[in-house]
Amino acid sequence: MPWFPVIPAELAQAESALGIALPIQYRTALLAPGLRQMLQHPVLGAIDPTLHMHDFVRLTAEVRRDVPEFPADGVVATVPMGRYFRFWLPDPRNPSRLADVIYSWDTVAHRKVKDCTTDAWVRLSAQIVRESDPQFFVRSGAVVRERPAPEPAVRFRAGDVALAALLAAQGAAAAVEVAGAAGRWLPCARMHVSGRHLVPRDLGQLPDGTGDPAVTVVPGEYDALVQVALSPAGDAVVVSALRLVRAGVTDLVAEPHSVLDVDLAAVAVFDRQAFFRRVPVEAQDAVADALCAPPSMPCVAVAGRSAEVLLVPAGAGDGSYPVLVLRREGAVVGLEVRFTGRG
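The structure displayed is predicted, hence computed values, not measured ones.

Undergrad: Any details on the pairing of strand 4 (residues 94-98)? Residues and values, ideally.
TA: Relative to strand 4, strand 3 (residues 90-91) is paired through two bridges, and the arrangement is antiparallel. Within strand 4, the position partnered with Asp91 by the bridge is Asn94. If you look at the hairpin formed by strand 3 and strand 4, you'll find two residues sitting between the two strands.

In structure tokens, the structure reads:
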């Protein structure tokens, strides 16, 4: 499928006719002799030497005129062949230039689909050429930067060390530890909340937009505190209740709020607005998978651009547990989940 060529002698006139500059990464890639040679490789056919920039300027005008619902500011990137063709839109941060995001236009459904970036397209093209013609890069001298190792979907921050040691107690030692902690709220972790909605979910489940029962709070620093009890078998320490409350606030009043169903024996408390603002949609499935396998619990998971999620084991395991809203002098300051009181 031929792509929009970049020819130095034609560039200024083509961009003037379009009324907008081509994407900077795309233009740079196609002006590099080695990459241009790679894109002309027969296995790709991305560059047709018989096509000129004015051909795509004309093609863009035709598509804008003839293709129903095609964006009026879209610029065609590939020759339409079959149901889909690719195109660009202006960069919202710099409307005088097209963004390096490549979209596909569905000519049947009359809608756009986000495809990839110029960088991803170049790398995928290089991979295809490398697999079909292993000696090409040796012969041509073309260089495509290797993709750096991806960062982990989630980073984990361990909870309180003393609490971790207490929860590890087994047998007779478990009974001793629980007796010593009876009735106390023990430090668990510190969570930064930048949004206004705390949403407790079963481990592995992400917030569901605005449909979850959420506790509305004030942004700030929140302390996770737990109470402990003996397991039903009497041989281990388990979390019997969890509080996530604004740091330093005491004298709390608890009121019924909702019921939380747990199937994976642990709870994730999300800062919902931060999660959706800071974790890209395309990364959310990987985040959900990572949350199911923390190195230890309790802990705080940090996803995307610092969206924090509190992970705590759910008392006796699976079940339906009451969620309570915590107030101080009428103001909501946090939430509580009671694992010993079934909903």
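From this point, the narrative continues.
Undergrad: Residues and numbers for the side chain of Asp100, please.
TA: Note that Asp100 resides in the loop between strand 4 and strand 5 (101-106). Despite being buried, Asp100 has no salt bridge partner; Arg97 is the closest side chain of opposite charge, sitting 7.1 Å away. Within polar-contact distance, the side chain of Asp100 engages the backbone nitrogen of Ile24 at 3.3 Å. For Asp100, the side chain forms a polar contact with the main-chain nitrogen of Tyr26, separated by 3.0 Å. In this structure, Asp100 is in contact with Pro23, Ile24, Gln25, Tyr26, Cys116, Thr117 and Thr118, ignoring residues within four places of it in sequence.

Undergrad: Tell me what's going on with unusual backbone geometry, and back it up with residues and numbers.
TA: Omega for the peptide link from Met297 to Pro298 comes to 0°, which places this bond in the cis form. Note that Pro298 resides in the loop between helix 10 (284-291) and strand 15 (299-303). For Asp251, which is not glycine, the phi torsion reads 55° and is therefore positive. In this model, Glu329 sits at a positive phi of 55°, which is unusual for a non-glycine residue. As for its placement among the helices and strands, Glu329 is situated in the loop between strand 17 (319-328) and strand 18 (331-338). Classification of Glu329 by relative accessible area gives exposed; the value is 75%.

Undergrad: Tell me about the sheet that holds strand 2 (residues 84-88), and please be specific about residues and values.
TA: The strand order across the open sheet built from four strands is 1-2-5-6, with neighbouring strands paired in antiparallel fashion. Each of the sheet's edge strands pairs with one partner strand only, and the pair in question is strand 1 (75-76) and strand 6 (111-117). Relative to strand 5, strand 2 is paired through four bridges, and the arrangement is antiparallel. Bridge assignment links Phe85 to a residue of strand 5, and that residue is Trp105. In the packing of helix 5 (residues 118-132) onto the sheet, contacts are made with strand 5 and strand 6, and the angle to strand 6 comes to roughly 65°.

Each value, and the rule that gives it
- Every residue gets a number counted from 1 within its own chain, in the order that chain's sequence is written.
- Only residues with pLDDT of at least 70 are given local features in this predicted model, and only at 80 or more are side-chain atom pairs given and counted; all residues enter the totals for whole chains, interfaces and linings.
- The basis for the side-chain values is all heavy atoms of the structure; hydrogens and waters are excluded.
- Paired strands, as defined in this entry, are two strands with at least two bridges between them according to DSSP.
- Helix numbers and strand numbers start at the N terminus; a helix is a DSSP run of H or I with at least 4 residues, a strand a run of E with at least 2.
- Partly exposed describes any residue whose relative accessible area lies between the buried limit of under 20% and the exposed limit of over 50%, with all areas from a 1.4 Å probe on protein chains only and scaled to the type maximum.
- Positive: Lys, Arg. Negative: Asp, Glu. His and the chain ends are not part of the count.
- Here, a salt bridge means any side-chain nitrogen of Lys or Arg that lies within 4 Å of a carboxyl oxygen of Asp or Glu.
- Identification of polar contacts relies on pairs of N or O atoms within 3.5 Å, with a donor-acceptor requirement for protein atoms, meaning one able to donate a hydrogen and the other able to accept it, and with residues adjacent in sequence counted only if both atoms are side-chain atoms.
- Contact definition: two residues touch when any of their heavy atoms are within 4.5 Å.
- Geometry is summarised by axes, namely lines fitted to C-alpha atoms with helices restricted to the contacting stretch, and by angles between N-to-C directions that run from 0 to 180 degrees.

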